[in-house]
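Remarks on the overall topology
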Amino acid sequence: MANHKEIEAEDHRLSEAGFDPAAPAAEAAAKLGELRGTAGISDVAVARALGRIADPAAAAMLIAMETHADKGSALRREIRRSLFKLRQRGVEAPAGGAAPRASWADELDEPVLAALLSPIDSEGARIVWITKPRTQGGLTRLWGLVSEDEGLVGANVTGLSRRELRAEREELERRIAMKMVDADWRLADFVLSEAWRATPESRRARVGNFLSLRAELIAAPLPTELTHPVYAELGTEAAAEPSVELLKEPELLDWRLPEAVIKPYVDEIGQVEQSMIVVSPVQQQERVNTIVERAVGEILSGERAHRTRRRLEDVAWYMTRSARRQQAGWAASAAAKIRDGEDLKRVAFFQGFIRTQLGTMAAAEEQRARAEPRLIMTPAEAMRAREAQMRRRSP
């Protein structure tokens, strides 16, 4: 099987040849059909791309390709892999054309794994499931709870029937009021593995022996890098500019950066706003803009930038599975800006993101201040309180 860099190079060649994964499904499938046999374009790359197009036309083309693929070849394995992915997304192969489902796993060079991801909550936590069919029936499930700040919080492996899996999924979705979405198992495995590496040594014993649990489903070593699949699925959109409209989506509205990270900038802006008697409103706004730009550059750097990029990539993936392709494109585009090392201070989306974080914290501090009793009163407040007290005493 090709590695991530080879896959990325093949996808790039498809794009250069005119294939647009963001085009209408039938149009995208037709373009891949035209590219078959083109110099520099492998049938394996075409089969892989067809597996990302959730349309019957893609499944029909894969079946047609399979009739000319040698048994046990890389092309045949990629065709079966793509047909399996399409079936996971509700796209069945044409009647009479597909091999029996029970035999699909026999020709894959990897176990038939599937995965589900929950949305990321306001605290940066989510649930990851990876499942593998058992020879005796039912499934083995690797369950993990991941936190951006704490790493892997919990993990276990259980055997359960498909009915039990559906029931647990429905109950979980009811509790979180959000849907879990299908994901490439490699992405889910990377999420868990990345969280494990980020887990402090002192906490690892509390989450069980993750490496042994994982080995029950996956024999490969822990992945150390991943070309996120969302870039292949949203190639055109990821190359565009991210829109500030993305900030209206629940995944961004609920996103809270740590108070310790944001508060120094909130305090600094508060000092500027209190200095209106010294500077004009225009000068005041210029100072605030300068603080915001500096906050973007300082907050979205180093490890925090990496976390932000990864979260945006996964948010984009979740949105593609939630019928929000345009918003997914904006999230993938924002992640790509970080990946490519662009100057985020000049990107309107990131300025808006940081302003939202600052404004949310400022509003929370103001609300807390109103709720807390004041120990010190201004002279005017003391005078009004004294007058109110005297009126209550008068007959």
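Reading the values: rules and limits
- Residues numbered from 1 in each chain as written.
- Predicted model: local features only at pLDDT ≥ 70, side-chain atom pairs only at ≥ 80, totals over all residues.
- Heavy atoms only, no water.
- Helix = DSSP H or I, 4+ residues; strand = E, 2+ residues; numbered from the N terminus.
- Buried < 20%, exposed > 50% of the residue type's maximum accessible area, 1.4 Å probe, protein only.
- Contact = heavy atoms within 4.5 Å.
- Pairing = 2+ DSSP bridges.
- Axes fitted to C-alpha atoms, helices over the stretch in contact; angles between N-to-C directions.
- Salt bridge = Lys/Arg side-chain N within 4 Å of Asp/Glu carboxyl O.
- Parallel < 35°, antiparallel > 145°, perpendicular 65-115°, else oblique.
- Nonpolar A, V, L, I, M, F, W, Y, C, P; charged D, E, K, R; others polar.

Some points on the overall build of the chain
Across its full length, the chain holds 18 helices and 5 strands. When burial is assessed residue by residue, the chain has 44% of its 395 residues classed as buried. Pairs at least 24 apart in sequence give 66% of the contacts found in the chain among residues at least 6 apart.

A look at the pairing of strand 1 (residues 114-117)
On a regular strand, one side chain projects to one face of the sheet and the next to the other, so that they alternate. Alternating residues of strand 1 divide into Ala114 and Leu116 and Ala115 and Leu117, and every residue in both groups is buried. Alignment of strand 1 against strand 2 (residues 125-133), held across 4 bridges, turns out to be antiparallel. Counted as the bridge partner of Leu116 is Trp129 from strand 2.

Brief notes about the sheet that holds strand 2
Strand order in the open sheet made by the 5 strands is 4-3-2-1-5, with antiparallel pairing throughout. The outermost strands of the open sheet, each flanked by one partner alone, are strand 4 (151-160) and strand 5 (181-183). This sheet shows a mean twist of 25° between the axes of neighbouring strands, independent of strand direction. Where strand 2 meets strand 3 (residues 139-147), 9 bridges bridge the pair, whose relative direction is antiparallel. Residue Thr131 lies in a different strand from strand 3, and its bridge partner there is Arg141.

Notes on the pattern of salt bridges
Counted according to the given criterion, the structure contains 40 salt bridges. Arg52 serves as the salt-bridge partner of Asp11, at 3.2 Å between the closest nitrogen and oxygen. Remark: Arg52 occurs in the loop between helix 3 (43-50) and helix 4 (56-66) and Asp11 occurs in helix 1 (residues 4-16); sequence separation between them is 41 residues. Its salt-bridge partner being Lys263, residue Asp267 comes within 3.0 Å of it at the nearest N-O pair. Linking Asp267 with Lys263, this pair stays in helix 13 (residues 259-273), spanning 4 residues, or about one helical turn. Taking the relative accessible area as the measure of exposure, Asp267 reaches 31% and is therefore partly exposed.

Some thoughts on the packing of helix 3 against helix 5 (residues 74-88)
One way to put it is that helix 3 packs onto helix 5 with a least axis distance of 8 Å and a crossing angle of 5°. Judged by the angle between their axes, helix 3 and helix 5 are roughly parallel. Packed against helix 3, whose contacting residues are Asp43, Val44, Ala47, Arg48 and Leu50, the element helix 5 presents Ala74, Leu75, Glu78, Ile79, Ser82 and Leu86 at the interface. Here the residues of the contact of helix 3 with helix 5 sort into 7 nonpolar, 1 polar and 3 charged.

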